[in-house]
Amino acid sequence: MIKRKVVLHFPATVVEQPFIYTLAKEYNVVANILKANINPRKEGRMVVELSAEDQEFNAAMDFLHSRGVQVLPLEQQIIWVEDRCTQCGACTVICPTNALWMKRPEMTVSFCSEKCIVCERCLKACPARAVEALYLSGE
Amino acid sequence: MSQLRTIQEINEKIAKGQVVVATAEEVISLVEKQGVEKTARQVDVVTTGTFGPMCSSGAFLNLGHTTPRMRMSKVSLNGVSAYAGIAAVDVYIGATEIPETDPANSDFPGAFNYGGAHVIEDLVAGKQVFLQATSYGTDCYPRQKLEKYITLADVNEAYLFNPRNCYQNYNVAVNLSDRTIYTYMGILKPNLGNANYCSAGQLSPLLNDPLYRTIGVGTKIFLGGGIGYVAWQGTQHNPNVARTENGVPRGGAGTLALIGDLKQMTTKYLRGVSFLGYGVSMQVGVGIPIPILDEQMLRHTAVTDAEIKAQIVDYSEAYPQGTGGSLGEVSYAELKSGKIIVQGKEVPTAPLSSYPKAREIAELLKAWILKGDFALTEPVAPLPTVEFPVKFEDQAK
Ligand code: SF4
Ligand code: SF4
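Computed from a prediction, not measured in an experiment: that's the story for all the values here.

Cut-off values and rules
- Residues numbered from 1 in each chain as written.
- Chains lettered and ligands numbered in written order.
- Predicted model: local features only at pLDDT ≥ 70, side-chain atom pairs only at ≥ 80, totals over all residues.
- Heavy atoms only, no water.
- Domains from an automatic or database assignment.
- Contact = heavy atoms within 4.5 Å.
- Buried area = accessible area lost by both parts, 1.4 Å probe.
- Salt bridge = Lys/Arg side-chain N within 4 Å of Asp/Glu carboxyl O.
- Polar contact = N/O pair within 3.5 Å; in protein donor to acceptor, adjacent residues only side chain to side chain.
- Helix = DSSP H or I, 4+ residues; strand = E, 2+ residues; numbered from the N terminus.
- Near = heavy atom within 4 Å.
- Nonpolar A, V, L, I, M, F, W, Y, C, P; charged D, E, K, R; others polar.
- Buried < 20%, exposed > 50% of the residue type's maximum accessible area, 1.4 Å probe, protein only.
- Lys, Arg positive; Asp, Glu negative; His and termini not counted.
- Pairing = 2+ DSSP bridges.
- Axes fitted to C-alpha atoms, helices over the stretch in contact; angles between N-to-C directions.
- Left-handed = near helix turned anticlockwise from the far one by under 90°.

**A closer look at the domain arrangement of chain A**
- Domain annotation of chain A identifies domain 1 (2-73) and domain 2 (77-135).
- Inter-centroid distance (C-alpha atoms) of domain 1 of chain A to domain 2 of chain A is 32 Å.

**Let's talk about the domain arrangement of chain B**
All names here are of chain B.
- Domains assigned within chain B are domain 1 (7-55 + 161-395) and domain 2 (58-160).
- Taking only C-alpha atoms into account, the centre of domain 1 sits 31 Å from that of domain 2.
- Between domain 1 and domain 2, the residue contacts involve 28 residues of the former and 31 residues of the latter.
- Of the roughly 2,200 Å² buried at the junction of domain 1 and domain 2 (both faces included), carbon and sulfur atoms supply 67%.
- Run the count over domain 1 and domain 2 and you get one salt bridge.
- Residue Arg271 pairs with Glu121 through a salt bridge whose shortest N-O separation is 3.7 Å.
- Linking domain 1 with domain 2 are 14 residue pairs in polar contact (both at pLDDT 80 or more).
- Sorting the residues of the side of domain 1 that touches domain 2 by element identifies strand E10 (158-165), strand E17 (256-261), strand E18 (270-275) and strand E19 (279-287) as the ones contributing at least two each.
- Looking at the side of domain 1 that touches domain 2 element by element, the count peaks at six residues for E18.

**Digging into the site of ligand 2**
- By nearness alone, 13 residues border ligand 2, and A:Cys85, A:Cys88, A:Gly89, A:Cys91 and A:Cys126 come closest of all.
- Here the residues of the shell around ligand 2 sort into ten nonpolar, three polar and no charged.

**Here's the deal with the side chain of B:Lys357**
- Relative to the helices and strands, B:Lys357 is located in helix H8 (residues 355-371).
- Buried charge without a salt bridge: B:Lys357, with B:Glu360 as the nearest opposite-charge side chain at an N-O distance of 4.7 Å.
- If we skip the residues at most four places from it in the chain, B:Lys357 touches A:Thr86, B:Phe51, B:Lys268 and B:Tyr269.

**Thoughts on helix H3 (residues 116-124) of chain B**
Residues and elements named next belong to chain B.
- Taking burial as the measure, the nine residues of H3 include nine buried ones, the bulk of the element.
- For H3, the complete set of buried residues consists of Gly116, Ala117, His118, Val119, Ile120, Glu121, Asp122, Leu123 and Val124.
- Backbone geometry just after H3 places Gly126 at a positive phi near 85 degrees.

**Section: the interface of chain B and chain A**
- Each partner contributes residues to the interface: chain B has 31 residues there, and chain A has 22 residues.
- Of the roughly 1,900 Å² buried between chain B and chain A, counting both surfaces, carbon and sulfur atoms make up 57%.
- For the salt bridge of A:Arg84 with B:Glu121, the shortest nitrogen-to-oxygen distance reads 3.5 Å.
- In this structure, the connection of chain B to chain A is made through eleven residue pairs in polar contact (both at pLDDT 80 or more).
- Of all the secondary structure elements, the ones that give two or more residues to the side of chain B that touches chain A are E18, helix H7 (332-336), strand E24 (345-350) and H8 of chain B.

**Some points on the side chain of A:Arg129**
- By the secondary structure assignment, A:Arg129 is in the loop between helix H3 (121-125) and strand E7 (131-137).
- No salt bridge is formed by the buried A:Arg129, whose closest oppositely charged neighbour, B:Asp102, lies at an N-O distance of 8.8 Å.
- For A:Arg129, the side chain forms a polar contact with the side chain of B:Asn113, separated by 2.9 Å.
- Setting aside anything within four residues of it in sequence, one finds A:Arg129 in contact with A:Arg84, A:Leu123, A:Lys124, B:Ala111, B:Asn113 and B:Ser274.

**Considering the sheet that holds strand E2 (residues 45-47) of chain B**
All names here are of chain B.
- Taken in spatial order, the three strands make up an open sheet running E1-E2-E20, and their pairing is mixed. The open sheet has two edge strands, strand E1 (21-23) and strand E20 (289-291), and neither has a second partner. Strand-to-strand twist in this sheet, taken as the mean axis angle between neighbours without regard to direction, amounts to 25 degrees.
- Alignment of E1 against E2, held across three bridges, turns out to be parallel. Paired with Val21 across the strands is Val45, a residue of E2.
- Against the sheet, helix H2 (residues 26-42) touches E1 and E2, its axis set at about 105 degrees to E1.

**Overview of the packing of helix H1 (residues 19-27) of chain A against helix H2 (residues 54-66) of chain A**
All names here are of chain A.
- The interhelical angle for the contact between H1 and H2, taken along N-to-C directions, is 145 degrees, at an axis separation of 10 Å. Relative to H2, the crossing made by H1 is right-handed. In this structure, H1 uses Phe19, Thr22, Leu23 and Tyr27 to contact H2, whose residues at the interface are Glu56, Ala59, Ala60, Phe63 and Leu64.
- Classifying every residue of the contact of H1 with H2 by side-chain character gives seven nonpolar, one polar and one charged.

**Brief notes about unusual backbone geometry**
- For the peptide bond that leads from A:Arg104 to A:Pro105, omega is 5 degrees, which places it in the cis range.
- With respect to the element layout, A:Pro105 can be found in the loop between strand E5 (100-103) and strand E6 (108-111).
- Here A:Asn28, not a glycine, exhibits a phi torsion of approximately 55 degrees, which is positive.
- Take A:Asn28: its relative accessible area is 48%, and that puts it in the partly exposed class.
- The backbone phi angle of B:Gln343 is positive, close to 50 degrees, even though this residue is not glycine.

Given below as structure tokens:
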């Protein structure tokens, strides 16, 4: 099983084709569209989470490439806004990797980005909304 | 017990720049080093602090008269309704109020990104807030509709009035069920996945004056970064609870109703917060100075996390059903270690109440007193309390 957030670029010539339907029907790919738009030059851009069995996923990627659709990885990054953090500690029992962790006995909270697996559980668990997700596409 | 000093004498020392102040943390190490007697003679004031979610908070605003005049009967600020069932342009905006358009828990668990507490935070931050008001119109107040942006500076009076703050001790919340639950004590993972508590422990105001000997109606305090006062006993104030030998409640007990000028406050110590699946609340920073009138007060303020106990309560069943019952008692020292044992299982803990902020507030209040900017007050009326024979162990360590 592969699950990946990607950015798809559709050239103007293919933008009207039903790609998401084909992905689902032919390759059993589940697509969760996060953002989609078409620019004035009729080029499409879609931020989407795709999941499927390994083999079908790879075949779907080949299909997209063959039609001229560019597939770029989407990198997510978790940003801890230290200024907004009130050091309440609520996130520290929610974060599965201790990326958000409490130094004891000082009881101060800090964030170690290397340990973060971008599971996003902290985003809504933080009462002060001091954690944000940033999406960086490799564009 | 012989009196060491009066509040008046302390204020004279503050005026002369001779006062000796220690935070509720510092006083613990002073007592460890030099004993109770010497510390009591040396220290005039102990400062406390707390910074945690306190739902029972809100602000009175006088929005000012318009031309023609208006008796506002329905008012909202940034879409959050404020209570207007008082005089013409007076309203009360409650911390937990959410906009009518918020899906709340119909999209479970609701995010509750914005509510009354955030409106108050935005006002304190100096941001513009959208005011909408309607009225049925009267001969003296003909205007029926108003929409405009306001800032805190445009508002005549603005004061925080919190009916229940500073809970003296609180439950430790756990979840015995097999599904995640979303509470005002935060997210509780199934099968004792975590234990959340909410008190500054040894720094917390009412845990340093457990029998309300010095904190009373009229006591001047640090509130949200400005100056405030104890207005009354808080709602649900209940001194008649089980206590340890030094008079410290073993669970929720006293509370305070607080009042203070919103225009002096800062978002550093007053913040809107969102509890997933529960709602909006406000984190309020409070600091209270405790005069060391005698040795007993010093012993009270020297209380340590190891001596303060709290009850572990199941929030999946016992709490919501009101059936009560404690799963056990733990100390704040254990809670702060990061894990406790419940029903034989090791459970990770999280505070909700910010200890670093509590410490910051106690230190800031200490600095204000040392600089001569903050004098102590004599309470004008006592809070309801209990006769309690306090026993202290010999602390001459
Ligand atoms: S995204 Fe997940 S791993 Fe990263 S800090 Fe938040 S909870 Fe921890
Ligand atoms: S939950 Fe949010 S505010 Fe609280 S410590 Fe974690 S990041 Fe900071």
